[in-house]
Amino acid sequence: MKVIVCGAGQVGFGIARQLAAEQNDVTVIDQSPQLVHRISDALDVRAIVGHGAHPDVLERAGAASADMLIAVTFYDEVNMIACQVAHSVFQLPTKIARVRAQSYLQPGFQDLFSQDHLPIDVIISPELEVGKAVLRRLAVPGAFDILNFADGKVSVVGVALEEDCPIVNTPLRQLTDLFPDLRSRVVGIVRNGELFVPQSDDSMLVGDEAYFAADVRDVKRTLGIFGHEEKAARRIIIVGAGNIGLHVAQELETNHPGTRVKLIERDRDRAVQAADRLKRSIVLHGDGLDPELLQEAGISETETLVTLTNNDQANILSCVVAKREGCQRTMALINNNTYAPLMRSLGIDAFINPRGTTVSTVLQHVRRGRIRGLQSVHDGAAEVIEAEALETSTLVGKPLREVNLPDGILVGAVIRDGEVIIPRGNTEIEAGDRVVLFARSDQVKKVEQMFRVSLEFF
């Protein structure tokens, strides 16, 4: 596939890295010579210095023969015009744009991004995607990550294994015997920073991070088996009243009326605006790093603090201070993924990387085959993929133990007629099933092949 990426920032770099690693023909455009040099030195891509919305620059990038344009520059208007030019001048088939300003996304303006106006096939809003990720983690305390598939019927949950985890050092094959009616399955393990897809004889160790796929009705029970029985937070403090923080507070007000929310914002004008738009939440003007302000907000009685400012260091330090002052759990927004290995040692229970959520959304539309959903995990080391099984799929019609899946791919759940099946060795996948797989990044192409329509299908 030939792809043009407009924007060489963190999101553009992440998309280009993923696509280039899969042998796609990638060209990156950015106005910054420094960013262009950095990406061309680090990745096997073609990089051009120029304005992503200018027709001559797109022409040099090969827009006339490209399959897809992904516009993720810092400016919404540049992203939108790049898609318009790609459509009108080069008839480029698929256009994806990142749009951050929420005014463009209001329900009354849905017709704006149609083929007759601004012909953008996929709109990505990082603020909304990150807001959804925050809300998912708040709903499932004890997990550092949670991803939903199959219309919310299946969850893939990341959980840290502590000293009190009762199933450490137990071979995974024994878990089926110990909990025969448990509708969940361990699909991935991170150990010493390295992710692998486990075999049935593998065991989990203290300090591991495990991903399990589960029927959504058994997520809470599975977390209890892993030693996590935290209750959902009813008292929450949010630091940062930007688009993400305000969105999360509004969603909590609307859908969780029993939750008490306090919002801390250091910019006075933004704090006033937030107070005007929120109905029940309390807005405090001040610094989330100020221990006195945190004490005034009742941090010692707060179950969860969520830091959502644009400053990674402030987000991390606010979590550290909150834990010292008695807060039970903390969650931080981190743009720079180099901080990720420090989170657990600093006592931060969960973190969210906007780049990761945006890249996952883009990849869902890049993947070939009958792919219905996709999320990357552990900074792109693996992907969770939901796909529809066709009659020609190599998975269909034989027990899974006879399929000989490559190392690095594991079927986590099968959805048939609306019911969730946690697969065993004798499970047979049928045409029309929806399958949730956990795949190491180097095996994703093989997953695409499994679910691609072959000529025999016609």
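Residues numbered from 1 in each chain as written. Predicted model: local features only at pLDDT ≥ 70, side-chain atom pairs only at ≥ 80, totals over all residues. Heavy atoms only, no water.

### So, the overall build of the chain
Turning to step 1, where the next piece is worked out: Along the chain, the regular secondary structure elements total 13 helices and 22 strands.
Turning to step 2, where the next piece is worked out: For 458 residues, the compact-globule formula gives about 23 Å, and the C-alpha radius of gyration of the chain, at 23 Å, lands near that figure.
Turning to step 3, where the next piece is worked out: Taken along the three principal axes of its C-alpha coordinates, the chain extends 60 × 60 × 40 Å.
Turning to step 4, where the next piece is worked out: Intrachain contacts of the chain at a sequence separation of at least 6 include 64% that bridge at least 24 residues.
Turning to step 5, where the next piece is worked out: In the chain, the 48 positive side-chain charges and the 61 negative ones have mean positions that sit 2 Å from each other. (Helix = DSSP H or I, 4+ residues; strand = E, 2+ residues; numbered from the N terminus. Rg over C-alpha atoms; globule rule 2.2 N^0.38 Å. Contact = heavy atoms within 4.5 Å. Lys, Arg positive; Asp, Glu negative; His and termini not counted. Charge placed at Lys NZ, Arg CZ, Asp CG, Glu CD.)

### Notes on the packing of helix H5 (residues 126-139) against helix H8 (residues 243-255)
Packed helix pairs are characterised by how far apart their axes lie and by the angle those axes make with each other.
Turning to step 1, where the next piece is worked out: For the pair H5 and H8, interaxial distance at closest approach is 9 Å and the crossing angle is 50°. Overall, the two elements H5 and H8 adopt an arrangement that is oblique. The two elements H5 and H8 meet at a crossing, and its hand is right-handed. Contacts between H5 and H8 pair Glu-127, Leu-128, Val-130, Gly-131, Val-134, Leu-135 and Leu-138 from the former with Asn-243, Ile-244, His-247, Val-248, Glu-251 and Leu-252 from the latter.
Turning to step 2, where the next piece is worked out: Its residues assigned to classes, the contact of H5 with H8 comprises 8 nonpolar, 3 polar and 2 charged. (Axes fitted to C-alpha atoms, helices over the stretch in contact; angles between N-to-C directions. Parallel < 35°, antiparallel > 145°, perpendicular 65-115°, else oblique. Left-handed = near helix turned anticlockwise from the far one by under 90°. Nonpolar A, V, L, I, M, F, W, Y, C, P; charged D, E, K, R; others polar.)

### A word on the pairing of strand S3 (residues 46-49)
Note on strand geometry: in a regular strand, side chains alternate between the two faces of the sheet.
Turning to step 1, where the next piece is worked out: The pairing of strand S2 (residues 25-30) with S3 spans 4 bridges and is classified as parallel. Its bridge partner being in S3, Asp-30 is matched across the sheet by Val-49.
Turning to step 2, where the next piece is worked out: Each parallel crossover has a hand, and the one from S2 via helix H2 (residues 33-42) to S3 is right-handed. (Pairing = 2+ DSSP bridges. Right-handed = clockwise from strand over helix to strand, strands pointing away.)

### Concerning the packing of aromatic side chains
Turning to step 1, where the next piece is worked out: Evaluated as defined, the whole model comprises 4 aromatic pairs.
Turning to step 2, where the next piece is worked out: Ring geometry for Tyr-211 and Phe-438: centres 5.8 Å apart, planes at 40°, overall tilted. Residue Tyr-211 is found in strand S11 (residues 209-215), and its partner Phe-438 is found in strand S22 (residues 434-440); the two are separated by 227 residues along the sequence.
Turning to step 3, where the next piece is worked out: Judged by relative accessible area, Tyr-211 falls into the buried class, the value being 3%. (Phe/Tyr/Trp six-rings, centres within 6.5 Å; stacked < 30°, edge-to-face > 60°. Buried < 20%, exposed > 50% of the residue type's maximum accessible area, 1.4 Å probe, protein only.)

### Considerations on the sheet that holds strand S7 (residues 145-149)
Turning to step 1, where the next piece is worked out: With respect to topology, 5 strands assemble into an open sheet ordered S7-S8-S11-S9-S10, the strand pairing being antiparallel. Bordering the open sheet on either side are S7 and strand S10 (194-196), each of which pairs with just one other strand. Between one strand axis and the next, the sheet turns by 20° as a mean value, whatever way the strands run.
Turning to step 2, where the next piece is worked out: As paired strands, S7 and strand S8 (residues 154-160) are joined by 5 bridges and run antiparallel to one another.

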